[in-house]
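Structural features, examined
As a plain string of letters, each chain reads:
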Amino acid sequence: MSHSREPYDRSHEPQDDDVYGQEPWMLDPFSDPYAGQTAQTPPEGYTPEQLYAQQPYVPGPETGQMLAQTGYPPPYEGDYQTGEFQGGYEPEFEAWPTADEMRAEEPEAQQESQQERAKGGRMAAAAAAAAAARPRLRRVRRQRGRRLDNTVLVALGLVGAMAVALLLNRPHQWEQPKLASDSSAPTAATVVCPGKPKSGADQVAVTNAADGSGEVSLSGPGAGDGAKATVASGKVTGASVKPGSVVVKAGKEVAPGLVAGRSTIKPLAATGCLPPQAEAWFPGVGAGATHNSILELTNPNSGAATVDISLYDEKGVVAVPEDLRGVAIPGNTTRTFDLLHVIPRKGELSLKTTVVRGQAGVMVRDRAIALETEKGTEDYFSGQSTPAETNLLVGYPNKSASRTLTVTNPGDAQVSAELRLLTPKNVLTPEGAPEISVPPNGQAQVDLTKLLGKDSAGDAYGVEIVASGPVATAMRSVDRGDVAITTATETISEPTAVVVPAGASVGKKRVLIAGPVAKTGASGTVKVVPMTAKGKALKAKSVEIGPGLGAEVEVPAEAALIQLVPEGVEVNAAVVMSGDGDAVVPFRPLRSEVRTAGVAPGLPLPLEP
């Protein structure tokens, strides 16, 4: 640390005479500082002990400035910057001489008379004593820096050689390796058909909507000991089965484009057979005397599976009975739960299934029961795989005594939803549309019987629900004891197909198509191709589809397979059938390819020079 002035510089202090304030070593011991002044009584001489006691005026080894003032060089500042910390500067000194040693080293000074000591005056005597008391100091040698170690020199040389080699050689041209193919045709496919309703003769129909042909296997409780069926492209193969669920498995010849369905004629009920789902939502199931639902969990594999079940109502999460907690499903078996017996209650519930181990096909059969006759009818309720902010419920019966919309909110915050109607010409918000508010982890139900009546929405064929958060939706229509379920449909951009019951007992069949939801969506054409069970193509029809624009296409009663071919547009579609009751079967994307993750090494490989 540097100071504005030296520690022994007293030139700024007031002085009593011309020499007071000068340091002893700055005076000439042989000169008379009082020459030319008025004679004064010389001060008494100081003994060595008194001089030694005057530390501020006598330099000592603790004062760093003393070295410079006594002629010795100060420490070299570079000593502290040699690359390694060496601590503070600590010069070596010999022991400070005692008073006796000071007398012993000045025999001549001891023989001076009192008059000679007074001659130089007080300051001269102090200067002489200080010169005599000067310690013997060891001269500190400046360090010019540490010498580099040989190992360091060798390391620096190697680094330099490598740098020169890199500059002389041409650098490699690097290229990221191409990833593996991200899609391929499936080599196997499995779909699960639910058990049959309580009454009516039924069948399982299987086909291939692509160009595949081959053999499929039927297993599960409804297939007995198992069966085989031959499937050809465009042809529908029917198989008589028992009331239980049926698992359809196909090899690589038929897996791309495998389509299967189950239906009954009297009363009319139909659904598509679905692949195992990791998660499924069923808004609006019942567990009461007049509205009851049956949950089916089918394990298509030989290993065990486990399914978690959650329930919701208008107030939030409902405590799940012990029978529905962590349901274990042994291999190749089906477990059925009648909610009326498991959790009896008045009012509707929303049900969610989550597969936590293995695989499981999930389906609900919804039942309407008349109290007067105790006669009930059933229809299939296929769940929604993922909640979404925008849900399209396409297709419902034209006539119905009651229609109930259920909206389920799986989030922790309240959600508001807006209802719109889908018509062939536009999407509109009807007058008197209800305001839908769904509590956290709960459900809300809205009666749409009057809103979807003929007088107010005669040309409407679907409902659009736009919510502030992801929701699951479904609409239940009941007419004279018959029930039909409309669920949120999936978006389709590639050719797909559904199998439907055929014959004179099935009356009117309508294909309902909704265009893209977003206003910026593309417009295009959709081709509807109905076919008989033998593969004969019936009259096809193409319709123009765009944002907010839909279409309704009627197909003949003998159609057993309906193909849907979008061209440059994404749509949502379903088939509505009428006969001895009503049924709604949505179109779903075909499983025509399998996504695989691309794998690449962590570092790119160099090209050949």
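Since this is a predicted model, take the numbers as computed values, not measurements.

Cut-off values and rules
- Residues numbered from 1 in each chain as written.
- Predicted model: local features only at pLDDT ≥ 70, side-chain atom pairs only at ≥ 80, totals over all residues.
- Heavy atoms only, no water.
- Disulfide = S-S within 2.5 Å.
- Helix = DSSP H or I, 4+ residues; strand = E, 2+ residues; numbered from the N terminus.
- Buried < 20%, exposed > 50% of the residue type's maximum accessible area, 1.4 Å probe, protein only.
- pLDDT = per-residue confidence, 0-100.
- Contact = heavy atoms within 4.5 Å.
- Pairing = 2+ DSSP bridges.
- Axes fitted to C-alpha atoms, helices over the stretch in contact; angles between N-to-C directions.
- Polar contact = N/O pair within 3.5 Å; in protein donor to acceptor, adjacent residues only side chain to side chain.
- Core = buried A, V, L, I, M, F, W, Y, C linked by side-chain atoms within 4.5 Å.

Some points on the state of the cysteines
The final tally for this structure, using the stated rule, is one disulfide. Covalent S-S linkage joins C193 and C273, the inter-sulfur distance amounting to 1.9 Å. The disulfide joining C193 to C273 has a torsion of about 105° about its S-S bond and is therefore right-handed. With C193 in strand β3 (residues 189-193) and C273 in the loop between β10 (269-272) and β11 (279-286), the pair connects residues that are 80 residues apart, well separated along the chain. Across this residue pair, the class does not change: C193 and C273 are buried.

Re the confidence of the model for the chain
The predicted coordinates ought not to be read in detail in places where the model reports low pLDDT. For the chain, per-residue confidence averages 79 on the pLDDT scale, and residues scoring 70 or more make up 69% of the total. The model gives residues 16-21 a pLDDT under 50, and that stretch makes seven contacts with residues more than four places away or in other chains. When the criterion is pLDDT under 50, residues 57-73 qualifies, and its contacts beyond four places in sequence or with other chains add up to 28 contacts.

Description of the sheet that holds strand β8 (residues 246-250)
In spatial order, the strands read β3-β8-β5-β6; together these four strands make up an open sheet with antiparallel pairing. At either margin of the open sheet sits one strand with a lone partner, and together these are β3 and β6 (227-231). Adjacent strand axes in the sheet meet at a mean angle of 25°, parallel and antiparallel pairs treated alike. Bridging between strand β5 (residues 214-219) and β8 involves four bridges; their strand directions are antiparallel.

Here's the deal with the environment of A368
With respect to the helices and strands, the residue A368 is situated in strand β18 (residues 361-369). For A368, a relative accessible area of 8% translates into the label buried. Spatially, the C-alpha atom of A368 lies 6.4 Å from that of V483, the residues being 115 residues apart in sequence. Excluding anything up to four places from it in sequence, A368 contacts T290, K375, G376, T377, R476, G481 and V483.

Points about the environment of Y396
Considering the arrangement of structural elements, one finds Y396 in the loop between β20 (388-394) and β21 (402-409). The buried category is assigned to Y396, whose relative accessible area is 4%. Sequence spacing of Y396 and A460 is 64 residues, and the spatial spacing of their C-alpha atoms is 9.7 Å. In contact with Y396, not counting residues within four places along its chain, are R403, L452, A460, Y461, G462, M475, S477, T486, R510, V576 and V584. Within the structure, Y396 has its side chain in polar contact with the backbone oxygen of A460 (distance 3.1 Å).

Here we look at the nonpolar core
With 31 residues, the main nonpolar core has F282, V285, L295, L297, I309 and L351 as its most contacted residues. The dominant element in this core, judged by the number of residues it contributes, is strand β13 (residues 305-313), at four residues. Once residues lying within four places of it in the same chain are set aside, the contact partners of F282 are L349, S350, L351, T353, V362, M363, V364, F381, S382 and G383. Formed by 25 residues, the second largest nonpolar core is a distinct cluster that contains L268, V511, I562 and V569.

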